[in-house]
Amino acid sequence: MWPPLREAPLGAEPGRTMAGRGWALLTLLALALPAWAPDPYGEECRSKMYPPSGPTFKGNIPTYVINLDLPPSKRWDELMRDKKTELKTVVQNIKDIANTFFPSGKVVDIVDNKIAHLTATLPYPFNEELQGIANSSGIPLGEIVIFNIFYEIFTVCTSIVAEDKTGKLYHARNLDFGLFLGWDVKNNSWTLTRELKPLVVLLDFQRNNKTVFKSTNFAGYIGMVSGVKPNLFTLTMNERFSLDGGYVGIFEWFLGRRDGMWMGFLTRTVLENATSYQDAKDRLAKTRLLAPAYFILGGKNSGEGCVITRSRTAALDIWDLDIKKGTWYVLETNYDRWKPPLVLDNRRGPAMKCLNQTTQENLSLPAIYDVLSTKPVLNKLTVCTTLMEVYNGHTETYLRECPDPCSPW
């Protein structure tokens, strides 16, 4: 079992460790564990977890319409009126983390006074939407930009696309977020993970009063991490751990190099503009990025499902469904499929085990929900579970909780 993290130092908020010290301690613990150690949080595959209820179910989420016919600066006003208090809480948490590493406060000053000016370098309509969110929420523009940047480098997830015996496609994901961003000793949870849950919303992006696409999102974040374009394709995005990671691309962006696209902006652009599964696949595989990523894409026809492994400049691998060869699902966490996952973060193995036990004959959204409810696929970082079907743009999202004993990631 993990030893408890010590209480926060004097001057810190009660029940909260300082992010830097929590990160260092968890890293040392990770390095200390032998590779052969069994997962202390593993369990048998869950069943009959759907419809969601009980201690792993934290609640449903509200739906908002984002009207693409409005000026970009006005599209998020209604959502911000309802969620600005919760967004301010999360932004303050991020500022506290920054001040932990840089107590002088200079980083926050740079964010408030310098990064805001870089917003003008972002492509339309994203630059105007960020300004609109800042205006509606009362949060400084630079802090809204940083809130959006965090999703380029701190998202840890599990995504699945699977096809049943009839050729019907399902797409689901656990959204895990908040790794090393403050451990709350009192509640035995990641602080940011807990604070993000009230921000989770289902967004219905409409033009001419008709749905263009739907997305499960955090209020205040204008990119897309999960989405469905009705009757065309489904899409999720996972972070890819790499030495040439998001930090490098974002640093280059700060220094003036602007030929790479933010991951969340690309997925949003694809959901809004791609006209087919193949069109979406091509855009996701070929567009230069600020950060490496995994794009998990599902279509509407048999065999339309893949994981696209991206470096910042190219597609390194595209793993397709291949029913004839027995590949009826593709699954991605945060590691290249040809490499073993980190021994302390093996969500891939348990998820594959549970899918294989389910079998293609018994596949359904409730069955996949069972897979995503099995520890350590469900863990302390899990904010929500999203289930999608491309037909008619069906999507449902549930806030999650991982009762103790539970893996921290």
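As the structure is a computational prediction, the values presented were derived from the model and not from experiment.

### Details of the confidence of the model for the protein chain
- Per-residue confidence for the protein chain gives a mean pLDDT of 87; residues scoring 70 or more make up 86%.
- Low pLDDT, under 50, characterises residues 1-36; the stretch is placed with 56 contacts to residues that sit more than four places away or in other chains.

### Points about the pairing of strand 4 (residues 169-177)
- Burial of strand 4 is extensive: 9 of the 9 residues sit out of reach of the surface.
- Neither face of strand 4 is left uncovered, since the one carrying L169, H171, R173, L175 and F177 and the one carrying Y170, A172, N174 and D176 both have all their residues buried.
- Bridge count between strand 3 (residues 155-163) and strand 4: 9 bridges; the pairing is antiparallel. Within the sheet, the bridge partner assigned to T155 lies in strand 4 and is F177.
- Hairpin geometry of strand 3 and strand 4 is characterised by an intervening segment of 5 residues between the two adjacent antiparallel strands and by a positive phi of about 90° at G167.

### Description of the state of the cysteines
- According to the stated counting rule, one finds 2 disulfides in the structure shown.
- Between the sulfur of C45 and that of C354 lies a disulfide, 2.2 Å long from S to S. Residues C45 and C354 share a disulfide whose torsion about the S-S bond is about -95°; that sign makes it left-handed. On the criterion of sequence distance, the pair formed by C45 in the loop between helix 1 (19-32) and strand 1 (57-60) and C354 in helix 10 (residues 348-358) is long-range, its members being 309 residues apart.
- Residue C354 is classed as buried on the basis of its relative accessible area, which comes to 4%.

### Here we look at the side chain of S311
- Inspection of the secondary structure assignment puts S311 in the loop between strand 12 (305-310) and strand 13 (315-320).
- For S311, a relative accessible area of 15% puts it in the buried group.
- In this structure the side chain of S311 is engaged in a polar contact, spanning 3.2 Å, whose partner is the backbone nitrogen of T313.
- Each residue touching S311, except ones within four places of it in the same chain, is listed here: R240, L289, P292 and L316.

### Looking at helix 9 (residues 277-286)
- Listed in full, the buried residues belonging to helix 9 are Y277, D279, A280, K281, L284 and A285.
- Each element contacted by the buried residues of helix 9 is listed here: strand 10 (233-239), helix 8 (263-273), strand 11 (293-298), strand 12 and strand 13.

### Let's talk about helix 8
- Within helix 8, 10 of the 11 residues are buried, which leaves the element mostly enclosed by the surrounding structure.
- All buried positions along helix 8 are accounted for by M263, G264, F265, L266, T267, R268, T269, V270, L271 and E272.

### Concerning the pattern of salt bridges
- The tally for this structure, following the rule as stated, stands at 18 salt bridges.
- D184 serves as the salt-bridge partner of R194, at 3.0 Å between the closest nitrogen and oxygen. Highlighted residues: R194 in helix 6 (residues 191-196) and D184 in strand 5 (residues 183-184), separated in sequence by 10 residues.
- Its relative accessible area of 34% is what places R194 among the partly exposed residues.
- Owing to a relative accessible area of 5%, D184 belongs among the buried residues under this scheme.

### Comments concerning the sheet that holds strand 4
- Strand order in this open sheet of 6 strands is 1-16-15-4-3-14, and the pairing throughout is antiparallel. Across the chains shown, the open sheet's two edge strands, defined by having one partner strand only, are strand 1 and strand 14 (329-332). Adjacent strand axes in the sheet meet at a mean angle of 15° when their direction is disregarded.
- In this structure, strand 3 lies alongside strand 14, joined through 4 bridges in antiparallel fashion. Paired with S159 across the strands is E332, a residue of strand 14.
- Together, strand 3 and strand 14 form the strand contacts of helix 10, whose direction differs from that of strand 14 by roughly 160°.
- Relative to the sheet, helix 11 (residues 365-372) contacts strand 3, strand 4, strand 15 (382-389) and strand 16 (394-400), its axis offset from that of strand 4 by approximately 25°.

### A closer look at the sheet that holds strand 7 (residues 200-207)
- In spatial order, the strands read 2-7-8-9-10-11-12-13; together these 8 strands make up an open sheet with mixed pairing. Where the open sheet ends on each side, the last strands, each with one partner, are strand 2 (63-67) and strand 13. Strand-to-strand twist of the sheet, defined as the mean angle between neighbouring strand axes without regard to direction, takes the value 20°.
- Where strand 2 lies against strand 7, 5 bridges are found, and the strand directions are parallel. The residue bridging I66 from the neighbouring strand is F205, located in strand 7.
- On the sheet, helix 9 packs against strand 10, strand 11, strand 12 and strand 13 and is oriented at approximately 15° with respect to strand 12.

### Quick notes on the packing of aromatic side chains
- One pass over the full model with this rule turns up 11 aromatic pairs.
- Note on Y50 and Y369: the rings are 5.8 Å apart at their centroids and 70° apart in plane angle, and the pair reads as edge-to-face. Of the two residues, Y50 sits in the loop between helix 1 and strand 1 while Y369 sits in helix 11, which places them 319 residues apart along the sequence.
- On the basis of relative accessibility, which here comes to 27%, the residue Y50 falls in the partly exposed class.
- What makes Y369 buried here is its relative accessible area of 1%.
- Centre to centre, the rings of Y369 and Y398 are 5.9 Å apart; their planes meet at 85°, and the pair counts as edge-to-face. Placement of the pair is Y369 in helix 11 and Y398 in strand 16, with a sequence separation of 29 residues.
- Among the aromatic residues, those joined into a ring-pair cluster are Y50, F57, Y369 and Y398.

Cut-offs used in this document
- Residues numbered from 1 in each chain as written.
- Predicted model: local features only at pLDDT ≥ 70, side-chain atom pairs only at ≥ 80, totals over all residues.
- Heavy atoms only, no water.
- pLDDT = per-residue confidence, 0-100.
- Contact = heavy atoms within 4.5 Å.
- Buried < 20%, exposed > 50% of the residue type's maximum accessible area, 1.4 Å probe, protein only.
- Helix = DSSP H or I, 4+ residues; strand = E, 2+ residues; numbered from the N terminus.
- Pairing = 2+ DSSP bridges.
- Disulfide = S-S within 2.5 Å.
- Polar contact = N/O pair within 3.5 Å; in protein donor to acceptor, adjacent residues only side chain to side chain.
- Salt bridge = Lys/Arg side-chain N within 4 Å of Asp/Glu carboxyl O.
- Axes fitted to C-alpha atoms, helices over the stretch in contact; angles between N-to-C directions.
- Phe/Tyr/Trp six-rings, centres within 6.5 Å; stacked < 30°, edge-to-face > 60°.

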